Amino acid sequence: MQLQNPNAGINLDLVDQVIDNIPEWTWHAVKQHLVTAIVDAMPTTVIERITGDKTNDDRAQEILDNHHLFCHQ
């Protein structure tokens, strides 16, 4: 069974507050850790959907690394 809303239970305001409080000088290391952790937890079906290849973890990391959600302001 899949959830209707996979973000249910995630406090997006809290996520924004945490991101806003990450010092600029640490952002690159934090982002790299987050991207790696997200890709490691991704089902292969998701990796395949975003990269075209279910084994292309490196490309999935590159895509997330360049995604606007990970651009620190």
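None of these values were measured; they are calculated from a predicted model.

**Q** Can you break down helix H2 (residues 27–41) residue by residue, with the values?
**A** End to end, H2 covers 21 Å across 15 residues, agreeing with the expected 21 Å (1.5 Å per residue, within 8%). Residues of H2 that are buried sit in contact with helix H1 (12–20), helix H3 (44–51) and helix H4 (57–65).

**Q** Lay out the confidence of the model for the protein in plain terms, naming residues and giving numbers.
**A** Averaged over every residue, the pLDDT of the protein is 84; residues scoring 70 or more account for 81%. Looking at the elements of the protein, mean pLDDT is at its lowest for H1, recorded as 86, and at its highest for H3, recorded as 93.

**Q** Describe the nonpolar core, and please don't skip the residues or the numbers.
**A** If you look at the biggest cluster of nonpolar residues, it comprises 6 residues: Val35, Val39, Met42, Ile47, Ala60 and Leu64. Elements represented by at least two residues in this core include exactly H2 and H4.

**Q** Which residues make up the packing of H3 against H4, and what values go with them?
**A** Two numbers describe a pair of packed helices, the interaxial angle and the distance between the axes. Where H3 contacts H4, the axes come no closer than 9 Å and their chain directions differ by 65°. Here H4 runs roughly perpendicular to H3, going by the angle between their axes. Considering the relative orientation of H3 and H4, their crossing is left-handed. Here Ile47, Ile50 and Thr51 of H3 lie close against H4, whose contacting residues are Asp57, Arg59, Ala60 and Ile63. In the contact of H3 with H4, the residues fall into 4 nonpolar, 1 polar and 2 charged.

Thresholds, definitions, all that
Residues numbered from 1 in each chain as written. Predicted model: local features only at pLDDT ≥ 70, side-chain atom pairs only at ≥ 80, totals over all residues. Heavy atoms only, no water. Helix = DSSP H or I, 4+ residues; strand = E, 2+ residues; numbered from the N terminus. Expected span 1.5 Å × (residues − 1). Contact = heavy atoms within 4.5 Å. pLDDT = per-residue confidence, 0-100. Core = buried A, V, L, I, M, F, W, Y, C linked by side-chain atoms within 4.5 Å. Buried < 20%, exposed > 50% of the residue type's maximum accessible area, 1.4 Å probe, protein only. Axes fitted to C-alpha atoms, helices over the stretch in contact; angles between N-to-C directions. Parallel < 35°, antiparallel > 145°, perpendicular 65-115°, else oblique. Left-handed = near helix turned anticlockwise from the far one by under 90°. Nonpolar A, V, L, I, M, F, W, Y, C, P; charged D, E, K, R; others polar.

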